Amino acid sequence: MILLFGTTPRCGSTSINKSLNRSTDINILVEPFNPDSNKHIKKGSDNLIVREDIESVFDTLKNMPYSGIKHLAYQIPMSDLQRLFDITHKVVFIHREDQLEVALSEWMSVNYKQKTGHSFWNEWDKAEGGHTKKDFLDFHTLMRDPMPIGLVNHKYKLLNKNLKIYRRMAQRKQTYYITYEKWYDENVQANFLGLCNFLGCHIKNNQWKKFLSPADKFNLGNIKYELIPNATELRNTIGNN
C-alpha cells in the first residue's frame, strides 16, 4: 500500500493526491480516517474519529481496491499511526516547514466557517463531495478576525514534538520526501515526474498540471496577508521559520 503522509494540514498533500488520481494509473483514497472525508465514520468530542471506527477503517484497508491512501498525522493516535506505517510498502512523506503559513491557511478556513457557517473543505471538486470556488465567491474577499497567537504556538510545539517520530517511522520504509517549499517551485514538473518514477506509475494525461499550478492553490498568492489583520505582524514577529 502507498501512503501519502502529511505531517500537518495545508502541506500540499491534497494537490499531490489529486494529481496522481487524475493523471496516473494509481488511485489514492482520500483520508479514510477523517470524518469530514469518510461519511461512514463518526466524530468524537475532539472532532476526530472514534475508536471503534479506527478499527473498522483498518479492516477496510486490508482488502480495499485502492493503490493507497492519503493521511494526515493528527487524525489518529501515534500508536495507530505506527500500525498504519507497518502495513505500508511505500511512503510519500510530505512536510511544510513554514508552520506560520500552515496556521494562517487553516485560519482562513476556520474563521470563514465561523463567520458564514460554510465549510470550504475539499472545495475543488464537486464530484468528490466538495465544492468549487465559485460556490464561495467571498472566500477570497471576506475579512477575517485576527488569528490567535496560541494557534501558531500550538503548530510549532506539535511539530517539534512529533516530527522526529514521524521521520523515524518513515525511515523503515521506501520513502520519498517532499518539502512543500521545494516542491511548488519552477521545478514542479520534474518533481512530479520524480514522484511518479518512485511510485512506478504511468502518466496518462496533463491534468496534474492544473492541481500543481500556483493559480489553483488553496489560498491564492499572499491573500492571507490581505485578509487576516495580524498576519504581517505575526510574520515579522516569528520570522520565516
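The following refers to the structure shown.

What counts as what
- Residues numbered from 1 in each chain as written.
- Predicted model: local features only at pLDDT ≥ 70, side-chain atom pairs only at ≥ 80, totals over all residues.
- Heavy atoms only, no water.
- Buried < 20%, exposed > 50% of the residue type's maximum accessible area, 1.4 Å probe, protein only.
- Helix = DSSP H or I, 4+ residues; strand = E, 2+ residues; numbered from the N terminus.
- Pairing = 2+ DSSP bridges.
- Right-handed = clockwise from strand over helix to strand, strands pointing away.
- Phe/Tyr/Trp six-rings, centres within 6.5 Å; stacked < 30°, edge-to-face > 60°.
- Lys NZ or Arg CZ within 6 Å of the ring centre and 35° of its normal.
- Salt bridge = Lys/Arg side-chain N within 4 Å of Asp/Glu carboxyl O.

1. Overview of the pairing of strand β3 (residues 68-72)
Here is step 1: Burial analysis of β3 places five of its five residues in the buried class, the great majority of the element.
Here is step 2: Bridging between strand β1 (residues 2-6) and β3 involves five bridges; their strand directions are parallel. Bridging from a neighbouring strand, Leu4 pairs with Lys70 of β3.
Here is step 3: You can see the chain leave strand β2 (residues 28-30), run along helix α2 (residues 51-62) and come back into β3, and the turn it takes is right-handed.

2. Focus: the packing of aromatic side chains
Here is step 1: Following the criterion strictly, the structure yields 10 aromatic pairs and no others.
Here is step 2: With a centroid separation of 5.3 Å and 55° between ring planes, the pair formed by Phe93 and Tyr177 is classed as tilted. Of this pair, Phe93 sits in strand β4 (residues 90-95) while Tyr177 sits in strand β5 (residues 174-179), placing them 84 residues apart in sequence.
Here is step 3: Within the aromatic cluster, the residues linked to one another by ring pairs are Phe5, Phe85, Phe93, Tyr166 and Tyr177.
Here is step 4: The lysine or arginine in question, Arg144, covers the ring of Phe139, its NZ or CZ lying 4.8 Å from the ring centre.

3. Considerations on the pattern of salt bridges
Here is step 1: Applying the stated criterion across every chain, the model contains 13 salt bridges.
Here is step 2: Linking Arg235 and Asp98 is a salt bridge whose minimum nitrogen-to-oxygen distance equals 2.7 Å. Taken as a pair, Arg235 in helix α10 (residues 231-238) and Asp98 in the loop between β4 and α4 (99-116) lie far apart in primary sequence, 137 residues in all. One exposure class covers both Arg235 and Asp98, and it is buried.
Here is step 3: Between Glu101 and Arg235 there is a salt bridge, and its shortest N-O distance comes to 3.4 Å. Taken together, the positions of Glu101 in helix α4 and Arg235 in helix α10 put the pair 134 residues apart, joining distant regions of the chain.
Here is step 4: Through salt bridges with shared partners, a single ionic network connects Arg96, Asp98, Glu101, Lys224 and Arg235.

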